[in-house]
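One-letter residues, chain by chain:
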Amino acid sequence: MKIIVLGAGLVGSLIARDLSLDFEVTVADKSEEALKRIAELSKVKTIKIDFSKENAIKEAVKDFDLVVGAVPGFLGFNMLKQVIEAKKNIVDISFAPEDCMVLDKLAKENNVTAIIDCGVAPGMSNILVSHASKLLDEAQSCEVLVGGLPQSRYWPYEYKLVFSPLDTIDEYMRPARMKVNGEIVEKPALSEVELVDFPPIGTLEAFNTDGLRSLLYTLNIPNMKEKTLRYPGHAEKMKILRETGFFNSEPVEINGVKVKPIELTAKLLFPMWKLKEGEKDFTVMRVTVEGKKNGEKVSYVYDLIDHFDDMMKVTSMARTTGYTCSVVVRILAKGLYDKKGVCPPEFLGMEDEIFEEILKGLREKGVIYEERIVKS
């Protein structure tokens, strides 16, 4: 089977390296540096493509059997549309801001399976929520707590970037959608800060972010929320920057020169947030689904604590995101899942065989989700 990975970034390159163990893999990107780097580390082929050019993606994927989408979010929707129009199955981790479900009809008309948002969160979080809700007679609430953090804490921000910097800022700007008593409501990002203990990591803070995405519409759970995890104090610092205007994209005039505040912020802040050579990260996630089973109140809790891979020199966020995607690619390649249309990851969690196959595949990569069942 011939697979093309669109995007040679941190996660896309890991997915390509992993899939090249079993398949003929080609990576496409416009960055010659990124393509050279991955070619030196693995046996994948590379092609240079500017994804922003009209129909470039459709042309690039035409000779392949399966596509992996790992492009920046702002390119994600157009990329997905072109792949579907090319009648190719795809597993996507681009996390486009648009509603990709509007492409469902097109995917079905083209006999395409398009699995979107197939990372760690969204992605594995959705899979765990849907599987747990299926085990209950009545699912009443779910909570997703997730974050990627540096193992070492340095003042003033105690934070390092493990994915797109602009996506991080967008997460702090965009209102957080959640469900309260069956109604979708919006609350400010970075709001409702609470402290949560994660042994052996310690105490982290959790605050509202807009990460539920398709779960708000696909599962009948009346109370749902997602919160991002950081070291305590992070949310307050980000709110100060946001409310002062440092995250705004509207230009302001300074001495006759128009400057976008976000561009200044990027110039000053992002270098401080960059995960430097020798620095390591970890990923922590807790998914809790509560409800009733056989008349009892039951909670299914899934915990993940994953660390930087010292042997492969790969970040934990790349591992937990990339391996989720590559495991699902293998499931499609084996023909175990063939539902047509645009499929958010929670659809996978509803099928027991697929769910177990995903957990097994991740365990083989050292990404382990611990399940606890709490009765009260």
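Above this text you will find the structure in question.
Residues numbered from 1 in each chain as written. Predicted model: local features only at pLDDT ≥ 70, side-chain atom pairs only at ≥ 80, totals over all residues. Heavy atoms only, no water.

1. What to know about the pattern of salt bridges
Worth spelling out the cut-off: Basic side-chain nitrogens of Lys or Arg form a salt bridge, by our definition, when they fall within 4 Å of a carboxyl oxygen of Asp or Glu.
Tallied over the entire structure, the rule returns 29 salt bridges. One salt bridge in this structure joins arginine 242 and glutamate 243, with 2.8 Å as the shortest N-O distance. One continuous salt-bridge network, built from bridges that share partners, spans Asp18, Asp22, Arg330 and Lys365.

2. Regarding helix H9 (residues 234-244)
Going by this rule: The rule is simple: take the accessible area with a 1.4 Å probe, protein chains only, and divide by the maximum for that residue type; under 20% is buried, over 50% is exposed, in between is partly exposed. Comment: elements are numbered from the N terminus, with helices defined as DSSP H or I runs of at least four residues and strands as E runs of at least two. Of all possible arcs, the one meant is that of the directions from the helix axis to the C-beta atoms. Here, residues are in contact when the closest pair of their heavy atoms is within 4.5 Å.
Where H9 is concerned, the buried positions are His234, Ala235, Met238, Leu241 and Arg242. An end-on view of H9 places all buried positions within 125 degrees of arc, on one side of the element. Those residues of H9 that are exposed and aimed more than 90 degrees away from the buried face are Ile240, Glu243 and Thr244. Residues of H9 that are buried make contact with helix H7 (165-173), strand S11 (202-208), strand S12 (223-230) and helix H10 (261-273). One or two positions beyond H9, positive phi appears at glycine 245, with a value near 105 degrees.

3. Quick word on the layout of surface pockets
Formally: Cavities and pockets are defined on a 1 Å grid built over the protein atoms alone: a cavity is a set of grid points where a 1.4 Å probe fits but cannot escape, while a pocket is an open set with protein on both sides within 12 Å along at least five of seven lines, and lining residues are those with an atom within 4 Å of any such point. Grid points are joined across faces, edges and corners, and a volume is the space filled by probe spheres set on the points. Residue classes follow a fixed rule: Ala, Val, Leu, Ile, Met, Phe, Trp, Tyr, Cys and Pro count as nonpolar, while Asp, Glu, Lys and Arg count as charged, and any other residue, Gly among them, counts as polar.
Size it by volume and the second largest pocket reaches roughly 170 Å³. In terms of lining, the second largest pocket is formed by Leu21, Asp22, Val327, Arg330, Ile331, Lys334, Glu357, Lys360, Gly361, Glu364 and Lys365. Listing elements by their share of the lining of the second largest pocket, those giving two or more residues are helix H11 (316-333) and helix H13 (352-364). With 4 residues, H13 is the largest single contributor of residues to the lining of the second largest pocket. Partitioned by chemical class, the residues of the lining of the second largest pocket number 3 nonpolar, 1 polar and 7 charged.

4. What to know about the pairing of S11
The following threshold applies: What makes two strands pair is DSSP finding at least two bridges between them.
Of all 7 residues in S11, 5 are buried, a share of seventy percent or more. Pairing between strand S10 (residues 194-198) and S11: 5 bridges, direction antiparallel. Bridge pairing in S11 places phenylalanine 198 opposite glycine 202. In textbook terms, the turn of a hairpin is the stretch between consecutive antiparallel strands, and for S10 and S11 this stretch comprises 3 residues.

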